[in-house]
Amino acid sequence: GLAWPSGIGAMIIPSHQPSRRFNTGAVLFEIVLALVLFTFSVTIISSSFSASLRSVDRMRHELDGANLATSTLAEIELGLKPLETAPPTVFEPPFEKWTWQIEVTEPSEDLDMGGGLSLVEVIIQSEELGRETRLARMIRGQASPLLPDE
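About the thresholds
- Residues numbered from 1 in each chain as written.
- Predicted model: local features only at pLDDT ≥ 70, side-chain atom pairs only at ≥ 80, totals over all residues.
- Heavy atoms only, no water.
- Helix = DSSP H or I, 4+ residues; strand = E, 2+ residues; numbered from the N terminus.
- Buried < 20%, exposed > 50% of the residue type's maximum accessible area, 1.4 Å probe, protein only.
- Contact = heavy atoms within 4.5 Å.
- Areas by Shrake-Rupley, 256 points an atom, 1.4 Å probe, with all protein chains shown as cover.
- Pairing = 2+ DSSP bridges.
- Axes fitted to C-alpha atoms, helices over the stretch in contact; angles between N-to-C directions.

Peer 1: Please give an account of the overall build of the chain that cites residues and values.
Peer 2: Counting its secondary structure elements, the chain contains one helix and four strands. What you see in the chain, going N to C, is helices and strands ordered as α-β-β-β-β. When burial is assessed residue by residue, the chain has 19% of its 150 residues classed as buried. In the chain, of all internal contacts separated by at least 6 residues, the share reaching a separation of at least 24 is 40%. In the structure as shown, the chain presents an accessible area of about 11600 Å², 63% of it carried by carbon and sulfur atoms.

Peer 1: So what's going on with the sheet that holds strand β2 (residues 99-105)? Residues and values would help.
Peer 2: Hydrogen bonding along the main chain pairs the strands of a sheet, whether they run parallel or antiparallel. Within the open sheet, the four strands sit side by side as β1-β2-β3-β4. Their pairing is antiparallel. Across the chains shown, the open sheet's two edge strands, defined by having one partner strand only, are β1 (86-90) and β4 (131-140). Pairs of neighbouring strands in the sheet enclose a mean axial angle of 20 degrees, with direction left out of account. For strand β3 (residues 117-126) and β4, the ladder comprises 10 bridges, and the chain directions are antiparallel. Opposite V120, over in β4, you have R137 as the bridge partner.

Put into structure tokens, the structure is as follows:
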């Protein structure tokens, strides 16, 4: 077979050693760089996901407050709740974190709210969640119409 002269073999081996060390260092640098980029990406994605979850919770609480205000105002219009100022009252479960309150401004000549209309404001609050929703509407009082004296 073919045999390499010892002089040539001695020259080839040292020339490959520094190249192999350089390749190993470059691969290690690439791996560290890839890990840093991966960690950075995961951090950004997880913080975005966390912000999205907080936003969804905030929107859900705002929707709950708006729905409770609309429902309470509808109960007043249907006569299920009296048309009078009421102190803060806790809702029944599952909305026990929320309270409702009614403020009624009676008709007056100063405000020129003729026709027996009252300004009814429903205030829905949740101190635990730090939310407040207010909904106001002009509602005709449930009083009987004025009849001439007989």
